[in-house]
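# Examining the three-dimensional arrangement
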Amino acid sequence: MALNSKIPQGDIDKKWSNYKGHVKLVNPANKRKLEIIVVGTGLAGASAAATLGELGYKVKVFCFQDSPRRAHSIAAQGGINAAKNYQNDGDSVYRLFYDTIKGGDYRAREANVHRLAEVSVNIIDQCVAQGVPFAREYGGYLDNRSFGGVQVKRTFYAAGQTGQQLLLGAYSALERQVALGSVKQYTRHEMLDVVEIDGKARGIIARDLITGKLERHFGHAVVLCTGGYGNVFYLSTNAMGSNVTAAWKAHKKGAFFGNPCFTQIHPTCIPVSGDHQSKLTLMSESLRNDGRIWVPKNKDEKRKANDIPEEERDYYLERRYPAFGNLVPRDVASRAAKERCDAGYGVGTTKQAVYLDFRYNLINKYGRAEASKLGIENPDEATLVKLGKEVVKEQYGNLFDMYEKITGENPYEVPMRIYPAVHYTMGGLWVDYELMTSVKGLYALGECNFSDHGANRLGASALMQGLADGYFVIPYTIGNYLADEIATKPISTDSKEFLDAEKAVADRITTLMSIKGTKSVESFHKRLGKIMWDKCGMARNEKGLTEAIAEIQALRKEFWKDVKIPGGINEFNPELDKAGRVADFLELGELMCRDALDRKESCGGHFREESQTEEGEAQRDDENFKFVSAWEYKGESEWVLNKEDLIYENIKIAARSYK
Amino acid sequence: MEHYNMNLTLKVWRQKNSNDKGGLETYQVKNISSEMSFLEMFDVLNEQLISEDKDPIAFDHDCREGICGMCSMYINGRPHGPWHATTTCQLHMRAFKDGDTIVVEPWRAKAFPVIKDLVVDRAAFDRIIQAGGYVSVNTGVTVDANATPIPKSDADKSFAAAACIGCGACVAACKNSSAMLFVSAKVSQFALLPQGQAERESRVLDMVAQMDKEGFGSCTNTGACEAECPKEISLENIARLNREFAAASLSSEE
Amino acid sequence: MAKESFFSSSIGRKLIVGLTGLFLISFLVIHVGINALILLNDNGETFNAAAHFMSHFWLIRILEIGLLVGILIHIALTIRLTIENRSKRPVQYAVSAGNANSKWYSRSMGVLGSLLLLFLVVHMSDFWWATKKALYITKEADNPYEQIITTLSNPIFLVIYVIGVFSLGFHLLHGFPSAFQSLGLNHKKYTPIIKAVGTAFSIVVPGLFAIIALAVFFGLVQ
């Protein structure tokens, strides 16, 4: 099937304004007759639902948590990018566009990314107007910090809780619409299928997680904002409940899945401490502003970190990438950490960790600055440490506290131990310029879609994309579709298509419950995660991926024969909820491995060992792989690959170098 | 830090659904690592219950990094357990020692009915926000973000109030089941910012009215909420709420 | 949305509790000041003169009515609040570690207040009623000093008196700063001062009452 990405004609910097100028509109009286279903209440979902409600559409919004405010966007720490150039350091829309394309290793669609950079500035205005308390300088103006893969300071932040503040902003806008009656909110509800009528998405089947009852909901359009699928790895920085189910059901109903193998492994997470581990915790990328990453030069180093002298430390990022140093993009930093640990230089009991050390900047950057402010001449080291600590505390206090709670070590005294962990999925449902999937009337926003980050996302860009899609893109693009739907009367949820879809969902739940096997859902999830991490993780090769596909298929069979789910259907039953999600992960995992196997090049977060330079850097193959893989579901273990060629008219593609 | 393993006795509140009476059940867990989080210890217990063909314990949790506000256990008489400024998911088993008995109950408040076991319904918080916990601004404003400078100290105070995660520990800790800390945090966030001024009076009146309607108790200034708040939201916010409410109430024309 | 009236709102009522509390605190200053005159050990002359002034000066007698109203409002509101607050937690915790997050006396204002009320009933019937009886009914010249010496020499009354003073102390220890918080007065710089003054007040005022009683009982004041 030919993919039509519907990219508007014209110059890159005019495409979006041209589109907005010519897009079909729906008049206010008609908007009231049009119903939209939004699934998910993270940054994309909450902002979309609120904005569509403001416009006058009748919106229903669903989330599986007990409140929209709990969605996992809340956990984003470091910040949100915007091309405001408040720092006068040479930033511009073009530069943000360029950095994002380059950061994504030239696997993102130019037009989408440029639009993202354009609306980034509106996001900050909008959030400030909502009362989001961003960090400010003493003069009262907004402060910025720098993030990886970038040489300007364009990241807006609120301590280490930027995602929380942005989500609460969107959540409050959403709750305002709920109060006004334009949005109806369904919490503790999980979407379990998309209902398609005559080739168009017309509603969903949702399950009330408290009573276990299935519900049928109609919508003229369905907007999925259900986040990423990093939990396929079992251990990730995602929330426990983050899942692929909504996107996967859409995929099985005809929405293509774009670049499923593009996953981001974040370099600075707290290492795994044992088999009991249920999730991994991120230490914000912003820490790399001031933390230096190193391992000992000796393989069998027994000394404590602070006892290892300077000349026996290998600051490997500064050594390999002098231009960007510790602020190289995430994929590069992660691979470099893995390389050192694999070579036997890792630290800590498991040897699967590297040091992130603040002492140098604590003393030399902050300590000295404070000392000179206070007029202390020739300060001794103890004084510098004391003064520096205060500043570091103000900047990263909450992260340091979190580290100490988890590890029992004080990062002001000893270097943090960190290791890469699964964090974000660049892949997702394939969407066109209007964010519509390959199913008419079905949209995907935020991390749920594949569109803006190519093969690697830059730090502080996920928040930007979620809010861009929800606040500023979908309100325009959905109108273009709904303008032709004003004559469509609400379809009865007693129609055959709704009843059939509900029955299929009910049957699947009954089947799951009737297996009554011997192994818990959790045990299957763990095993799937191990296969994915070992064979489709930071480094991938043909042999491993081929094995992984067979192993996942076998595991899936075993799951459907031997899974044990306690409790009943019509009650609050988290184990049953989880079983449905793991069942979907068991299908997605296979597709990810197939995609990774098919993409024989290395690019961004996808590193094929067969495709690397002599220095061990990722080797892209633009001649053969400059395309988006859009997988079409045909049946169990059967997919057809559709390709969307990526055309770069404004950026000259080159080898990505951070040296 | 030395790692160690421990055996524990757990007394956990079990309640099938909102109509069930419920009661404490006793469980034993063995070989719990001091490196585990409290919820990972519960994962172990639940796997054990599943293997024994028993119903696992329902508890709310999601991000497990102390920010979503979903986790909500009352541990040994304290919301979120013994550590200061820490959510249940960030509480680690290092806080306990071999042979300890741990009593785990759900949040208890008329406004937070139990759904099952340790899971409670906190929708009342959403309804309080719906009553006025926002700035009424539609998407698409064109005022530049830097058009109005905001003194850093105000922005910082506003942020400190906005850090509330809406977990409900304040209500659980308060002997009156008062939601004043939660409401005051949201009212303060906006009262401190220029963007919040237009609706300053109606916001505080509406939110307090909704708070009272939801069946939360009133504040008697014991300070338990502040002491137990995982985000260290200050009592200063409650004083500000009192102030804002009195001023708005007296000047209101209704 | 329908607005609550100030007086039916939880915050409005708390505010009035705080205001009446502060008003009662101001009365305590005068009360303890006059009582302290007993310690002059001048056979009650100064004390009786002051008491006479208080019971006969017209302005004070008007204020007295205000005081009575204040006490009644304070009591009525707090009883109502306590009962309402109790109902907000239908199922109690099996284990509660209240001392980990708050002071026992902050959580026991209802109990302390009730003790105080009981004491007040006894106290009023002993002293206040006697004065009023002398003033309006028997029209005799009263001698409050004599009255005090007689009453406090009785060990049963002394115990009641000491319990009352003890309750007052802890009631004030929470109530004094709490009233300011209810009025919305919380400030980084001033709140520590208010707390310090409150603590000093809660020790000094009930302490003086207690010292006077003990001095009388042990015959140090003749």
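### So, the sheet that holds strand β8 (residues 214–218) of chain A
Residues and elements named next belong to chain A. The strand order across the open sheet built from three strands is β6-β7-β8, with neighbouring strands paired in antiparallel fashion. Both outer strands of the open sheet, β6 (189–197) and β8, are each paired with one neighbouring strand and no more. The mean inter-strand angle of the sheet, taken between neighbouring strand axes irrespective of direction, is 25 degrees. As paired elements, strand β7 (residues 200–208) and β8 share five bridges and run antiparallel to each other. In the sheet register, Ile204 faces β8, and the bridge partner there is His217.

### Observations regarding the arrangement of the chains
For the two pairs of chains in contact, the maximum contact count is reached by chains A and B. Regarding chain A and chain C, the two do not touch, and the least distance separating their C-alpha atoms is 10 Å.

### Points about the confidence of the model for chain C
Residues and elements named next belong to chain C. For chain C, mean pLDDT is 91; residues scoring 70 or higher make up 98% of the total. Across chain C, the secondary-structure element scoring lowest on mean pLDDT is helix α5 (residues 109–137), at 85, and the one scoring highest is helix α4 (residues 104–107), at 96. Interface confidence in the predicted complex, given as ipTM, is 0.98; pTM for the same model is 0.96.

### Focus: the environment of A:Asp432
Residue and element names in this part refer to chain A. Relative to the helices and strands, Asp432 resides in the loop between β16 (428–429) and β17 (442–444). Residue classification places Asp432 among the buried positions, given a relative accessible area of 2%. Placed 150 residues apart in sequence, Asp432 and Val582 show a C-alpha to C-alpha distance of 28 Å. Sequence-distant contacts of Asp432, defined by excluding residues within four places in its chain, comprise Asn4, Ser5, Lys6, Arg109 and Asn112. Within the structure, Asp432 has its side chain in polar contact with the side chain of Lys6 (distance 2.8 Å).

### Section: the nonpolar core
Burial of nonpolar side chains together is a common tendency in soluble globular proteins. If you look at the biggest cluster of nonpolar residues, it comprises 252 residues, and the most contacted ones within it are A:Ile80, A:Phe134, A:Tyr443, A:Ile478 and B:Phe216. Each residue touching B:Phe216, except ones within four places of it in the same chain, is listed here: B:Ala111, B:Phe112, B:Ala124, B:Phe125, B:Ile128, B:Val171, B:Asn176, B:Ser177, B:Ser178, B:Ala179, B:Met211 and C:Lys88.

### Describing the packing of helix α4 (residues 93–103) of chain A against helix α5 (residues 110–130) of chain A
Residues and elements named next belong to chain A. At a minimum axis separation of 8 Å, α4 and α5 run at an interaxial angle of 135 degrees. Considered as vectors, α4 and α5 are oriented oblique to each other. In this structure, α4 crosses over α5, and the sense of that crossing is right-handed. Between α4 and α5, the residues in contact are Val93, Leu96, Phe97, Thr100 and Ile101 and Glu110, Val113, His114, Ala117, Glu118 and Ser120, respectively. A breakdown of the residues in the contact of α4 with α5 according to their chemical character gives six nonpolar, three polar and two charged.

Basis of the calculations
Residues numbered from 1 in each chain as written. Chains lettered and ligands numbered in written order. Predicted model: local features only at pLDDT ≥ 70, side-chain atom pairs only at ≥ 80, totals over all residues. Heavy atoms only, no water. Pairing = 2+ DSSP bridges. Helix = DSSP H or I, 4+ residues; strand = E, 2+ residues; numbered from the N terminus. Axes fitted to C-alpha atoms, helices over the stretch in contact; angles between N-to-C directions. Contact = heavy atoms within 4.5 Å. pLDDT = per-residue confidence, 0-100. Buried < 20%, exposed > 50% of the residue type's maximum accessible area, 1.4 Å probe, protein only. Polar contact = N/O pair within 3.5 Å; in protein donor to acceptor, adjacent residues only side chain to side chain. Core = buried A, V, L, I, M, F, W, Y, C linked by side-chain atoms within 4.5 Å. Parallel < 35°, antiparallel > 145°, perpendicular 65-115°, else oblique. Left-handed = near helix turned anticlockwise from the far one by under 90°. Nonpolar A, V, L, I, M, F, W, Y, C, P; charged D, E, K, R; others polar.

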